[in-house]
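Residues per chain are reported as follows:
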Amino acid sequence: MFTFKVYHQIDQLENQWNSLLEATNTENVFLNFYWTRNWLTNYHHYIESLQIIVIFDNDNKCIAIAPLYISSYHKDTLALLGTNEPEWCEVQAESMDIIYLAEHHDALVNYFINIFKTHLPVTRIHLKNISKTSCIHNIATKLSSKYFYIRKHSCYQFLFNQFDNINSALLLNKNNKRILNKFLKNDNCFYEIADTEQKKKELFDTLIGLHQQRWNHKGKTGVFAESKFLDFHRALLLDVNFNKNILLTAVKHDKKVLSVNYSYISKNKVYFYQAGIDSLFKPNFSPGLLNHLLLIKHGESIGVKEYNLLLSKDINSYKSKLSNSTVALITVELHKYTFKNIFKLLLLKLNVINKLSGIIKNTVRRFINKWTKEYVFCQRKKYYREL
C-alpha cells in the first residue's frame, strides 16, 4: 500500500530527490535536482503553486517523485517543472517524466491516476515534449475517462549512440572525415575544453557573442537576448552543484574562437544544448560541425554512451547527419469534462472544420478554373481548325 504527500517547496526534497535519481539510474539532465531548482528560482513568476507529489511505500521509502506545478501564466493548468513557461523565454526541457522505481511502474500508474482525479484542483494538464513510453504518458492515456486527450504535435530527438564502433558509424562519412583531416593538418587550429570555472565563464560569454552575432546577421534576435533565459543559464554556471555537469568546448584558429558548443553531461550521456558559430570567418571549414565531431571523439575517450542533440521539428535537420537514431517526442493536453472546456473544444473543432472547408473550397475553385481555361482553349483551337 502506498501513501503520498504533496510538497509546495523543493528545498526540503534535495536528499530524497538525489537518492531516488541514483537508485533509478536516471540520466536525464533535465530531471537533475539543481537544474530544476534553478529553473524554479528564475521562472517563479509563472508558478501559481508547486504540486510535487512524493510517493512512499509501506516502509516509508520514497519510490516516486512527480515534479509538477500549477501555472500562473496558463491559468488552472498543471505542468511538469521545467516546461510550459512562455515561448519567448522557454528553456526547452525534454523527455520530462516522473522519477520512479521501475519495479513499481504499473502500481504507480494506477495510484497516480487516482491522485490526479481526486486531489489536483485543475481542469487542464499540459505535458510538453514527453516520450510515448514515459510513465507520465501512460498516466495521461489512462486519464481519458475524465479528460479529453488532445495530441498537439510531434518533434524528433536526435541521438548518436554507436560509440563502440565510432569510426565506421560516423567518422568514415566522407564529408566528416574531410573536415576532421583538414583540422588535424592545420597547425593553427585548436580544440579547447573548458576545465575550470573561469574558463567556462569566458567561453560562455564568447558563446553568447557568437550566437547573437549570427542571428543579428540574419536580421533576428538570438535567444540569449532574452534576459530571463540568459539569467537562468548564468545561474547554472554559478551553481557549484551543477557546474560540473556543464561542458563548454571551442574550436579556435590561432587565438580566435570560431565555434563554441554549450552542452550538459549527465552520467554516460552528453546533451548538446546550444552553439555559437562565427559564420563570417574565411576560409570556412565548418567549425560548427567540427565542434560536434570533436566533442563526440572526446565523449568516446571519457566513456560516454550517448550524444543527444536534442529536439528538432524537422526530421531532415542538420542534426540527422550527426545521429544514427531518433526518438519521437509529443506534446499532449488533457482537458477535464467541464462546460467551459467542452465549449472550447467545439470552437477548436469548428475552426479546424472551417480551415478544412476553406482548403477544399480553394482546391475545387482552382480545379474548376483550370478545367475552364483548358476547355476554352480546346474550343478555340477547334474553332480555328474548322476555319
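Residues numbered from 1 in each chain as written. Predicted model: local features only at pLDDT ≥ 70, side-chain atom pairs only at ≥ 80, totals over all residues. Heavy atoms only, no water.

Each helix and strand counted, the protein chain has 10 helices and 15 strands in total. Within the protein chain, the proportion of its 387 residues that are buried is 49%. In the protein chain, 72% of the contacts between residues at least 6 apart in sequence involve partners at least 24 apart. Roughly 20300 Å² of accessible area belongs to the protein chain as shown, and the carbon and sulfur atoms make up 53% of that amount. (Helix = DSSP H or I, 4+ residues; strand = E, 2+ residues; numbered from the N terminus. Buried < 20%, exposed > 50% of the residue type's maximum accessible area, 1.4 Å probe, protein only. Contact = heavy atoms within 4.5 Å. Areas by Shrake-Rupley, 256 points an atom, 1.4 Å probe, with all protein chains shown as cover.)

Let us look at the sheet that holds strand β13 (residues 269–277). Paired through backbone hydrogen bonds, the strands of a sheet run either parallel or antiparallel to each other. Strand order in this open sheet of 11 strands is β2-β5-β6-β8-β15-β9-β14-β13-β12-β11-β10, and the pairing throughout is mixed. The open sheet is flanked by β2 (47–50) and β10 (189–193), the only strands paired with a single partner. Each strand of the sheet is rotated relative to its neighbour by a mean of 25°, with strand direction disregarded. Lying on the sheet, helix α7 (residues 197–217) is in contact with β10, β11 (246–253), β12 (256–266) and β13; it crosses β12 at an angle near 115°. (Pairing = 2+ DSSP bridges. Axes fitted to C-alpha atoms, helices over the stretch in contact; angles between N-to-C directions.)

What follows deals with the packing of α7 against helix α8 (residues 227–238). Packing of α7 against α8 brings their axes to within 11 Å, and their N-to-C directions diverge by 165°. As the angle between them shows, α7 and α8 are arranged roughly antiparallel. Seen along the crossing, α7 lies across α8 with a hand that is right-handed. Seen from α7, the contacting residues are Lys200, Lys201, Phe204, Asp205 and Ile208; seen from α8, they are Leu230, His233, Arg234, Leu237 and Leu238. Looking at the contact of α7 with α8, its residues break down into five nonpolar, one polar and four charged. (Parallel < 35°, antiparallel > 145°, perpendicular 65-115°, else oblique. Left-handed = near helix turned anticlockwise from the far one by under 90°. Nonpolar A, V, L, I, M, F, W, Y, C, P; charged D, E, K, R; others polar.)

Bringing the side chain of Glu306 into the picture now. By the element assignment, Glu306 lies in strand β14 (residues 306–312). Excluding its chain neighbours within four sequence positions, the residues that come into contact with Glu306 are Leu159, Phe160, Asn161, Phe163, Asn268, Lys269 and Val270.

A few words on the nonpolar core. Of all hydrophobic cores here, the largest spans 88 residues; its most connected members are Phe30, Trp35, Trp39, Ile55, Phe112, Phe116 and Tyr264. For this core, the element with the most residues is helix α3 (residues 105–118), which contributes seven residues. If we skip the residues at most four places from it in the chain, Ile55 touches Phe2, Thr3, Phe4, Lys61, Cys62, Ile63, Ala64, Leu108, Tyr111, Phe112 and Ile115. If you look at the next biggest cluster of nonpolar residues, it comprises 25 residues, including Phe158, Ile179, Val251 and Ile265. (Core = buried A, V, L, I, M, F, W, Y, C linked by side-chain atoms within 4.5 Å.)

What follows covers the sheet that holds strand β1 (residues 3–7). Strand order in this open sheet of four strands is β1-β3-β4-β7, and the pairing throughout is antiparallel. The sheet is open, and its two edges are formed by β1 and β7 (99–100), each paired on a single side. Across four bridges, the pairing between strand β3 (residues 52–56) and strand β4 (residues 62–66) is antiparallel. Counted as the bridge partner of Phe56 is Cys62 from β4. Each of β1, β3, β4 and β7 touches α3; the most contacted strand, β3, lies at about 135° to it.

It is worth spelling out the packing of aromatic side chains at this point. Evaluated as defined, the whole model comprises 22 aromatic pairs. The interplanar angle of 85° and the centroid separation of 5.6 Å between the aromatic rings of Phe2 and Tyr111 together place this pair among those described as edge-to-face. Placement of the pair is Phe2 in the segment before β1 and Tyr111 in helix α3, with a sequence separation of 109 residues. Owing to a relative accessible area of 14%, Phe2 belongs among the buried residues under this scheme. (Phe/Tyr/Trp six-rings, centres within 6.5 Å; stacked < 30°, edge-to-face > 60°.)

In contact at an axis separation of 10 Å, helix α2 (residues 33–42) and α8 are set at 145° when each is read in the N-to-C sense. The element α2 and its partner α8 pack so that their crossing is right-handed. Touching Tyr34, Trp35, Asn38, Trp39 and Asn42 of α2 are Lys228, Asp231, Phe232, Ala235 and Leu236, all from α8. For the contact of α2 with α8, the class distribution of residues is six nonpolar, two polar and two charged.

Let us look at the pattern of salt bridges. Counting across every chain of the model gives 11 salt bridges. Here Arg37 and Glu14 are joined by a salt bridge, their closest N and O atoms 3.8 Å apart. Note that Arg37 is positioned in helix α2 and Glu14 in helix α1 (residues 14–24), a separation of 23 residues in sequence. For Glu14, a relative accessible area of 23% corresponds to the partly exposed category. Ionic pairing is found between Glu192 and Lys252, a salt bridge with its closest N-O pair at 2.5 Å. (Salt bridge = Lys/Arg side-chain N within 4 Å of Asp/Glu carboxyl O.)

Along the chain, Lys319 turns up in the loop between β14 and β15 (325–336). In this structure, Lys319 is buried with no salt-bridge partner, the nearest side chain bearing the opposite charge being Glu94 at 6.2 Å. Here Lys319 is in contact with Phe158, Leu309, Leu310 and Leu311, once residues within four sequence places are set aside. (Lys, Arg positive; Asp, Glu negative; His and termini not counted.)

What follows is about the pairing of β11. Most of β11 is tucked away, with seven of its eight residues classed as buried. Sheet analysis places β10 next to β11, joined by five bridges and oriented antiparallel. Bridge pairing links Tyr191 to Val251 in β11. Pairing of β11 with β12 involves eight bridges; the strand directions are antiparallel. If you follow His253 over to β12, its bridge partner there is Lys256. Taken together, β11 and the strand that follows it, β12, pair antiparallel across an intervening segment of two residues, in which Asp254 is found at a positive phi of about 55°.

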